[in-house]
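Okay, here's what each chain looks like letter by letter:
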Amino acid sequence: MRIRSITIFLHPRWPISELALQKAGIFAEHAQKVLKEAGFEVQTVRLATPPWHTWLIPEDYAQMVTRLGFLAHAEGFEYIALGPASPDKLESYAAIPELLPQSSNAFFSGHLTTPEGQISLPAVKACAEVIHRSAPLEKNGFANLRFAALANVPPWAPFFPAAYHLGKSPAFALAIEGANLAVEAFGKTSSLAEARSRLIESIQGHATILEEKCNTLATMFQFEFKGLDFTLAPFPGQAASIGAALEALGLPAFGLSGSLAASAFLTDTLDRADFKRTGFNGLMLPLLEDSTLAERGADGSLTLTDLLLYSSVCGTGLDTLPLPGNTSVEQLKAILLDLAALALRLNKPLTARLMPIPGKQAGEPTGFDFEYFANSKVLEVPARPLSGLLTGDENLEIKPRQR
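Not measured: the values here are computed from a predicted model.

J.: What's the story with the overall build of the protein chain in this structure? I'm lost.
T.: Counting its secondary structure elements, the protein chain contains 11 helices and 11 strands. What you see for the protein chain is a C-alpha radius of gyration of 20 Å, in line with the 22 Å of a compact globule of 403 residues. Burial status across the protein chain gives 58% buried among its 403 residues. Considering only intrachain contacts with a sequence separation of at least 6, the fraction spanning at least 24 residues in the protein chain is 78%. Accessible area of the protein chain: about 16000 Å², with a carbon and sulfur share of 51%. Charged side chains of the protein chain number 33 positive and 41 negative; the gap between the two group centres comes to 2 Å.

The following block contains the structure:
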């Protein structure tokens, strides 16, 4: 297991407070040292801010992205997340494709839902337009790696691009890359009960140490510790493949019948572990970041519809899905609408990071040359343009199911 990110939540002010960034950098450096001495490898240190449009005027957007990217990198932050566009400020969505090229380490997001538990149909369309406009900005549609549509996602989730801050007091959280814990727990066990017990014991053992270290850091630096996100993020390679862990339970191939039950078993197991939580704490199924999932997408076992189905019992939604380059705004809108409805009806956070690849058709190999991706094939898009009432500009209230 390693820590995918120490994510620091900070309001940088405008003009940017270099002193505040320096303090955050000192904290990050010390946190890395403490966690490494405790036996944990730290992959990245990241910075997340409040939604950029809430503390800037439009004329300063581009300058801020460039300036903050430069200053944050100088303090040791590999990536920055500048928060989500909001339905109450629809023009903020249109700015994202213009801001993405300003810094290669800046991430953005956009809300599909309102704080009142409604789907904003204009925001759904706006997010679809961001994805469509961003696809040609970088080779292989890579700019969309840095944008996610958010449904019912609160602040202080440490995984990017979903991370954002509220308020002005600094805080931090840890995003865990722990798929290998499930691989180890589910291998060579005699029963599901034993597999569950082994994973809970492993998670809680690591969490106890991490919480102790983080609480000490919080007291020392006066940065609020928001918690751990044990979403068991994978990494390309079988040893850290969440798909391999699920198949170890007895699935012939993840994506076939039985996969929903296996996914529910894993997320139920995570729910039983006791630790301070923030973010998703569920099952992350990023197709291109997991060698087994990438293989199942390539051989046809795993589809976009399957992944949306598994989102009903998992943690993050649709992540790093390669789509045909000619996927339309209307098709993207239909996919995002389903995701938003699922998030509100089940009262859970979900995200969509969809990557149309210019020039690619469904079934073609992805062809990425990126150490954090496993290549797959471009997925079919089971969507046609919506019509009628679903194409309006109203907010659609979806209440959680009453038990």
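There is more to say after this.
J.: Just checking my understanding: could you explain the pattern of salt bridges for this structure?
T.: Think of it this way: side chains of opposite charge can pair up when their charged atoms draw near. Applying the stated rule across the entire model yields 14 salt bridges. With a closest N to O distance of 2.7 Å, glutamate 177 and arginine 4 form a salt bridge. With glutamate 177 in strand S7 (residues 171-177) and arginine 4 in strand S1 (residues 2-9), this residue pair connects regions lying 173 residues apart in the sequence. There is no split in this pair, since glutamate 177 and arginine 4 are both buried.

J.: Is there a simple way to explain the nonpolar core in this structure?
T.: One broad trend across soluble globular proteins is that nonpolar side chains are buried collectively. Counting residues in hydrophobic clusters, the biggest one holds 112 residues, and the most contacted among them are Trp52, Phe108, Phe230, Ile242, Leu318, Leu336 and Leu354. Per element, the largest residue contribution to this core is 10 residues, and it comes from helix H11 (residues 329-345). With near-sequence residues (within four places) excluded, isoleucine 242 lies in contact with Ala179, Ala182, Leu232, Pro234, Leu266, Leu283, Met284, Leu285, Asp290 and Leu293.

J.: Please clarify how the layout of surface pockets should be interpreted in this entry.
T.: Here the largest pocket defines a volume of roughly 600 Å³. In terms of lining, the largest pocket is formed by 28 residues, of which the most central are Arg46, Phe107, Leu145, Glu289 and Arg353. Listing elements by their share of the lining of the largest pocket, those giving two or more residues are strand S2 (41-48) and strand S10 (350-357). Among the elements that line the lining of the largest pocket, the one with the most residues is S2, at 3 residues. For the lining of the largest pocket, the per-class residue count stands at 16 nonpolar, 5 polar and 7 charged.

J.: Sorry if this is basic, but what is going on with the pairing of S7 here?
T.: Residues in a regular strand project their side chains so that they alternate between the two faces of the sheet. Among the 7 residues of S7, 7 are classified as buried, and the element is accordingly described as predominantly covered. Neither face of S7 is open: one carries Ala171, Ala173, Ala175 and Glu177, the other Phe172, Leu174 and Ile176, and all of them are buried. Here S1 runs beside S7; their pairing, made up of 7 bridges, is antiparallel. Directly across from arginine 2, in S7, lies its bridge partner glutamate 177. As paired strands, S7 and strand S8 (residues 224-229) are joined by 5 bridges and run parallel to one another. From the neighbouring strand, phenylalanine 172 faces S8, where its bridge partner is phenylalanine 225.

J.: Could you clarify how one ought to interpret helix H6 (residues 192-221) in this entry?
T.: Each full turn of the α-helix corresponds to 3.6 residues, which orients residues three or four apart in the same direction. Taking 1.5 Å per residue as the helical rise, H6 with its 30 residues ought to reach 44 Å, and the 43 Å between its terminal C-alpha atoms agrees with that figure. Of the residues making up H6, those classed as buried are Ala195, Arg196, Leu199, Ile200, Ile203, Ala207, Leu210, Glu211, Cys214, Leu217 and Ala218. Immediately downstream of H6, the backbone of glutamine 222 shows phi near 60 degrees, a positive value.

J.: Is there a simple way to explain the sheet that holds strand S3 (residues 79-85) in this structure?
T.: In sheet architecture, strand pairing relies on hydrogen bonds along the backbone and comes in two forms, parallel and antiparallel. Taken together, the 9 strands give an open sheet; going across it, the order is S8-S7-S1-S2-S3-S4-S6-S10-S9, and neighbouring strands pair in mixed fashion. Two strands bound the open sheet, and with one partner strand each, they are S8 and strand S9 (317-324). Here the strands of the sheet are splayed against their neighbours by 25 degrees on average, with no regard to which way each runs. Here S3 runs beside strand S4 (residues 106-111); their pairing, made up of 4 bridges, is parallel. Note on S4: the bridge partner recorded for isoleucine 80 is alanine 106. Contacting S2, S3 and S4, helix H2 (residues 61-74) runs over the sheet at an angle of about 145 degrees to S3.

J.: What is the right way to look at the packing of aromatic side chains in this model?
T.: For any pair of aromatic rings, geometry is given as the distance between the ring centres together with the angle between the planes. Scanning the model with the defined rule gives 18 aromatic pairs in all. Summarising the aromatic geometry, the rings of phenylalanine 254 and tyrosine 310 are spaced 5.2 Å apart at their centres and angled 50 degrees between planes, so their arrangement reads as tilted. You can see phenylalanine 254 sitting in the loop between helix H7 (242-247) and helix H8 (259-272) and its partner tyrosine 310 sitting in helix H10 (residues 304-310), a full 56 residues away along the chain. On the basis of relative accessible area, tyrosine 310 is assigned to the buried category, the value being 3%. Through a chain of ring-to-ring contacts, the aromatic side chains of Phe142, Phe235, Phe368, Phe370, Tyr372 and Phe373 assemble into a single cluster. For arginine 2, the ring lying beneath its charged end belongs to phenylalanine 235, and the centroid distance is 4.7 Å. The ring of phenylalanine 160 carries the charged tip of arginine 46 above its face, separated from the ring centre by 5.1 Å.

J.: Just checking my understanding: could you explain the packing of helix H4 (residues 121-134) against H11 for this structure?
T.: The angle between the axes and the distance between the axes are what describe a pair of packed helices. Interhelical geometry of H4 versus H11 gives an angle of 125 degrees and a closest axis separation of 8 Å. Put simply, H4 runs oblique to H11. Relative to H11, H4 is oriented so that their crossing is right-handed. On the side of H4, the interface is formed by Leu121, Val124, Lys125, Cys127, Ala128, Glu129, Ile131 and His132, while H11 contributes Val329, Leu332, Lys333, Leu336 and Leu337. Grouping the constituent residues of the contact of H4 with H11 by class yields 9 nonpolar, 1 polar and 3 charged.

J.: What is the right way to look at unusual backbone geometry in this model?
T.: Here the bond from tryptophan 14 into proline 15 is cis, since omega is 0 degrees, no more than 30 degrees from zero. In this chain, phenylalanine 160 is followed by proline 161 through a cis amide linkage whose omega measures 0 degrees. Note on placement: proline 161 falls in the loop between strand S6 (147-151) and S7. Residue asparagine 347 is not a glycine yet carries a positive backbone phi of 55 degrees. Mapped onto the fold, asparagine 347 is located in the loop between H11 and S10.

The rules we used
Residues numbered from 1 in each chain as written. Predicted model: local features only at pLDDT ≥ 70, side-chain atom pairs only at ≥ 80, totals over all residues. Heavy atoms only, no water. Helix = DSSP H or I, 4+ residues; strand = E, 2+ residues; numbered from the N terminus. Rg over C-alpha atoms; globule rule 2.2 N^0.38 Å. Buried < 20%, exposed > 50% of the residue type's maximum accessible area, 1.4 Å probe, protein only. Contact = heavy atoms within 4.5 Å. Areas by Shrake-Rupley, 256 points an atom, 1.4 Å probe, with all protein chains shown as cover. Lys, Arg positive; Asp, Glu negative; His and termini not counted. Charge placed at Lys NZ, Arg CZ, Asp CG, Glu CD. Salt bridge = Lys/Arg side-chain N within 4 Å of Asp/Glu carboxyl O. Core = buried A, V, L, I, M, F, W, Y, C linked by side-chain atoms within 4.5 Å. 1 Å grid on protein atoms, 1.4 Å probe; cavity = no way out; pocket = protein on both sides within 12 Å on 5 of 7 lines; lining within 4 Å. Points joined across faces, edges and corners; volume = space filled by probe spheres on them. Nonpolar A, V, L, I, M, F, W, Y, C, P; charged D, E, K, R; others polar. Pairing = 2+ DSSP bridges. Expected span 1.5 Å × (residues − 1). Axes fitted to C-alpha atoms, helices over the stretch in contact; angles between N-to-C directions. Phe/Tyr/Trp six-rings, centres within 6.5 Å; stacked < 30°, edge-to-face > 60°. Lys NZ or Arg CZ within 6 Å of the ring centre and 35° of its normal. Parallel < 35°, antiparallel > 145°, perpendicular 65-115°, else oblique. Left-handed = near helix turned anticlockwise from the far one by under 90°.

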